[in-house]
Amino acid sequence: MIQTKQFLLFRRSVHLGRICKSAEKSNLAKLRKKTGFTFVNCKNALKQFNNDLAKAEEWLYKQAEKEGWSKATRLQGRETAQGMVAILCQNNYAAMVEVNCETDFVARNSDFHTFVGKVASMALRQHINKNAEINEVGKSELSGDKLNCLKDSNTTLKDITALAIGKIGENLTIKRAVCMHVPPGNILGNYVHSIAQTSVLNTNDCSLGKYGALIAAENIKEPSPKLQPAAMGRRLCQHIVGMKPLTIGEFIPPIQNIQQEENEEDAENVEEIIVTELLNQEYLIDPSLTVGELLYQEGIQVNDFVRYECGQKLED
């Protein structure tokens, strides 16, 4: 009888042991999936907090942040010539950011893409909160401390960057961001010469690549029945990415229509305008038209545009 009881107790202890091990494995899998940290780190965290998932997660992030700040300090000053441009849009709002890293290998890494998407979503969220009511076209540009002070809950972007540096292992810099909004019915076009996408706002995808553009435009007369505003905005941004205009400019006739009496110096000046001003460039998708001629035909006026190129040197 005693032996039978001992056997039953032994079986129960084995059974409970298996249940505990199963729970530990389940929590380990959950923690790894949720945080993305290594198997060893997750296992140590759960062991330290007696398989308490919430405490283990909190501890992991604190350790990662400490490690990130340590790495950020060590890596500070190392050149970040690679990276990504990202665009995130939501209704009549859009944000474009440039985030840099040291190597092309990291620039193609999914953890880096997630971080870039996070930066874009934080910039966009702040812009939406500050511009809840839209009456006109608006734009805000962010860099330096204005970017680092962006917050997600109570965590600053500077702290999130340190965490990402600890996880990714390279110096990361957030170079710049721009946000735009347009009134309902206007055109807010965007285009990224894209190589990747990452989901950051559940229903919105953040597009990433080496080049990007945003454009704000509006109809100033009855549009053509064939006009598709979203497609037109995208094509104009493709043109901006490819042709690198510096300003909007004023619509002027093509060179061949300029009166014969204009001297050669004036013609050279016009050629220079055509190179740098959006409205007087040959339209990339149909070189038989200038951008100005296309927009005149469609009854569209460009109010603003921005072009980003990853690694582009900025004027002081």
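Residues numbered from 1 in each chain as written. Predicted model: local features only at pLDDT ≥ 70, side-chain atom pairs only at ≥ 80, totals over all residues. Heavy atoms only, no water.

Quick word on the environment of Asn-131
Heads up, the rule is: Counting from the N terminus, the helices are the DSSP runs of H or I reaching at least four residues and the strands are the DSSP runs of E reaching at least two. Contacts are residue-level and defined by heavy atoms, with any inter-residue pair within 4.5 Å sufficient. Think of a polar contact as two N or O atoms within 3.5 Å of one another; within protein, one of them needs to be a possible hydrogen donor and the other a possible acceptor, and neighboring residues in sequence only count if both atoms come from side chains.
Mapped onto the elements of the fold, Asn-131 is located in the loop between helix H5 (110-130) and strand S3 (138-142). Distance from Asn-131 to Met-180, taken between C-alpha atoms, is 9.9 Å for residues 49 residues apart in sequence. Setting aside residues up to four positions removed in sequence, Asn-131 forms contacts with Tyr-93 and His-181. Of the polar contacts made by the side chain of Asn-131, one reaches the backbone oxygen of His-127; its length is 2.9 Å.

Notes on H5
Along an α-helix, residues three or four positions apart point the same way, because every turn accommodates 3.6 residues. As a reminder, the rule being used: Under the convention used throughout, the expected extent of a helix is 1.5 Å for every residue step, that is, one less than its residue count.
The first and last C-alpha atoms of H5 sit 30 Å apart over 21 residues, in line with the 30 Å expected at 1.5 Å per residue. Looking at where H5 begins, the residue whose side-chain oxygen comes 2.7 Å from the main-chain nitrogen of Asp-111 is Asn-109.

Looking at the packing of aromatic side chains
To be explicit about the condition: Pairing of aromatic side chains requires ring centres within 6.5 Å, counting the rings of Phe and Tyr and the six-membered ring of Trp. Pairs whose planes differ by under 30 degrees are stacked, by over 60 edge-to-face, and all others tilted. Accessible area is worked out with a 1.4 Å probe on protein chains only. A residue is then buried under 20% of its type maximum, exposed over 50%, and partly exposed in between. For a lysine, the NZ atom is tested; for an arginine, the CZ atom; a charge sits over a ring if that atom is within 6 Å of the ring centre and within 35 degrees of the ring normal.
Tallied over the entire structure, the rule returns one aromatic pair. Taking the centre distance of 6.4 Å and the plane angle of 15° together, the rings of Phe-251 and Tyr-296 count as stacked. Residue Phe-251 is found in the loop between helix H8 (229-243) and helix H9 (264-276), and its partner Tyr-296 is found in helix H10 (residues 291-298); the two are separated by 45 residues along the sequence. For Phe-251, a relative accessible area of 41% translates into the label partly exposed. Tyr-296 sits in the exposed class, given a relative accessible area of 59%. Taking the ring centre of Tyr-308 as reference, the NZ or CZ of Arg-176 above it sits at 3.8 Å. Over the aromatic face of Tyr-296 sits the side chain of Lys-221, whose NZ or CZ is 4.9 Å from the ring centroid.

Let's talk about the confidence of the model for the protein
The following threshold applies: A score between 0 and 100, pLDDT records how confident the predictor is in each residue.
Taken residue by residue, the protein gives an average pLDDT of 82. The fraction at 70 or more is 78%. The least confident element of the protein, judged by mean pLDDT, is H9 at 57; the most confident is strand S2 (residues 93-101) at 97. Counted against residues more than four places away or in other chains, residues 14-20, with its pLDDT under 50, gives zero contacts.

Regarding helix H2 (residues 39-48)
Spelled out, the test is: It is the directions from the helix axis to the C-beta atoms that the arc portrays.
Within the span of H2, buried status applies to Cys-42, Ala-45 and Leu-46. For H2, the angular spread of buried residues about the axis comes to 95°, placing them on one side. Summarising the geometry of H2, the exposed residues directed more than 90 degrees from the buried face are Val-40 and Lys-47. Asn-50 sits one or two positions beyond H2 and adopts a positive phi of about 55°.

Notes on the side chain of Glu-298
Using the following cut-off: His residues and chain termini do not enter the charge count, which takes Lys and Arg as positive and Asp and Glu as negative. We define a salt bridge as a side-chain nitrogen of Lys or Arg found within 4 Å of a carboxyl oxygen belonging to Asp or Glu.
Tracing the chain through its elements places Glu-298 in helix H10. For Glu-298, which is buried and forms no salt bridge, the nearest opposite charge comes from Arg-235, at a distance of 6.5 Å. Not counting the four nearest positions on each side in its chain, Glu-298 is found in contact with Asn-219, Pro-223, Ser-224, Leu-227 and Met-232.

Here we look at the packing of H5 against helix H7 (residues 157-168)
Quick reminder of the rule: Axis definition: a line fit to C-alpha positions, over the contact stretch in the case of helices; interaxial angles, taken between N-to-C directions, run 0 to 180 degrees. Each angle gets one of four labels, with under 35 degrees taken as roughly parallel, over 145 as roughly antiparallel, 65 to 115 as roughly perpendicular, and the rest as oblique. Think of it as three bins: nonpolar holds Ala, Val, Leu, Ile, Met, Phe, Trp, Tyr, Cys and Pro, charged holds Asp, Glu, Lys and Arg, and polar takes everything else, Gly as well.
Packing of H5 against H7 leaves a shortest axis separation of 10 Å and a crossing angle of 175°. As far as their axial angle goes, H7 and H5 are roughly antiparallel. Residues Asp-111, Phe-112, Phe-115, Lys-118, Val-119 and Met-122 of H5 lie in contact with H7, whose contacting residues are Leu-157, Ile-160, Thr-161, Ala-164, Lys-167 and Ile-168. When the residues that make up the contact of H5 with H7 are grouped by side-chain class, the tally is eight nonpolar, one polar and three charged.

A word on the pattern of salt bridges
Here the structure, examined in full by the defined rule, presents eight salt bridges. Across the pair Glu-98 and Lys-175 runs a salt bridge, and its minimum N-O distance is 3.7 Å. A residue pair is termed long-range when its members are at least 10 positions apart, and Glu-98 in strand S2 and Lys-175 in strand S6 (residues 173-181) qualify at 77 residues. The class for Lys-175 is partly exposed, based on a relative accessible area of 24%. One salt bridge in this structure joins Lys-139 and Asp-304, with 3.2 Å as the shortest N-O distance.

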